[in-house]
Amino acid sequence: MAVRLKHASDDLAENHEINVTPFIDVMLVLLIIFMVAAPLATVDVPVDLPASTAEQQPRPQKPIIVTLKQDLSLALGNDMIAREALGAALDGAAGGDKTQRIFLRADKSVDYGDLMNVMNDLRAAGYLKVALLGLEAMPGK
């Protein structure tokens, strides 16, 4: 709606229409931001942890491998060990070098919480470099 004020010598016109172009520009920018940010906030990715397509890393000369079996028993290399003796057994195998990488592998049926408990035991023993071992996935699977 426009109102025109006529004075004797003035030809000024008042326009009461709202300019919506900047408002639409801002709304389109916000729409694009939310369209980009929304997929990043969801975590609906199915995972199969036992297999990995990562490139193989060079194998160390004498790796320290801790195995968590299906019955939740632990093995260091080929020797069975008690969970309470894990720290002492690792100290003997690593020669007291706590910076050495520990390779952890677990049976596919082991609960994720049980695997985390073993990782917590490794951290409590002072071994912070832990690598998880898995099967190599076939390409295309």
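Conventions used here
Position numbers for residues start from 1 in each chain and track the written sequence from start to end. For a predicted model such as this one, the threshold for reporting local features is a pLDDT of at least 70, and the threshold for listing and counting side-chain atom pairs is 80 or more; totals across whole chains, interfaces and linings nevertheless cover every residue. Side-chain figures throughout are based on the complete set of non-hydrogen atoms in the structure, without hydrogens or water. Side-chain atoms within 4.5 Å are what join buried Ala, Val, Leu, Ile, Met, Phe, Trp, Tyr and Cys residues into a set we call a nonpolar core. For each residue, the accessible area found with a 1.4 Å probe, counting protein chains only, is set against the maximum for its type, and the residue is called buried under 20%, exposed over 50%, and partly exposed in between. Secondary structure follows DSSP: runs of H or I at least 4 residues long count as helices, runs of E at least 2 residues long count as strands, and numbering of each begins at the N terminus. Note on contacts: a residue pair qualifies if any of its non-hydrogen atoms lie within 4.5 Å across the two residues. pLDDT is defined as a per-residue confidence score from the predictor, taking values between 0 and 100. Here the arc refers to the directions that run from the helix axis out to each C-beta atom. Strands qualify as paired when DSSP identifies two bridges or more between them. Here a polar contact is recorded for every N or O atom pair within 3.5 Å, except that within protein the pair must consist of a potential hydrogen donor and a potential acceptor, and residues adjacent in sequence are included only if both atoms are side-chain atoms.

So, about the nonpolar core. Within the largest apolar cluster, 17 residues are counted, with the highest numbers of intra-cluster contacts made by Val66, Leu74, Leu86, Leu90 and Ile102. At the level of elements, β4 (64-68), β5 (74-76), α2 (86-94), β7 (102-106) and α3 (112-124) are the ones that each hand at least two residues to this core. For Val66, the residues in contact, after removing those within four places along its chain, are Leu74, Ala75, Leu76, Leu86, Leu90, Ile102, Phe103, Leu104 and Arg105.

Bringing the confidence of the model for the protein chain into the picture now. Counting all residues, the mean pLDDT for the protein chain is 78, and 73% of those residues have values of 70 or more. Per-element mean pLDDT across the protein chain ranges from 57 in strand β1 (residues 2-4) up to 91 in α3. Here residues 43-49 is a poorly scored stretch, pLDDT under 50, and it has 2 contacts once near neighbours within four places are set aside; other chains count.

Now for α2. Among all positions of α2, only Leu86, Gly87, Leu90 and Ala94 are buried. Down the axis of α2, the sector holding all buried residues measures 95°, keeping them to one side. Seen from the open side of α2, the exposed residues pointing more than 90 degrees away from its buried face are Ala88 and Gly92. Close packing links the buried residues of α2 with β4, β5, β6 (79-81), β7 and α3. Once α2 ends, the next one or two residues include Gly95, with phi positive near 70°.

Within β4, 4 of the 5 residues are buried, leaving the element largely enclosed by the surrounding structure. Relative to β7, β4 runs parallel, the two being bridged by 5 bridges. Bridge assignment links Leu68 to a residue of β7, and that residue is Ala106. Pairing between β4 and β5: 3 bridges, direction antiparallel. Pairing of Leu68 across the sheet is with Leu74, part of β5.

This part covers the side chain of Thr67. Of note, Thr67 is situated in strand β4. At 2.9 Å, the side chain of Thr67 and the side chain of Arg105 are in polar contact.

At Leu72, a residue that is not glycine, the phi angle is positive and equals roughly 70°. Residue class for Leu72 comes out partly exposed when judged on its relative accessible area of 35%.

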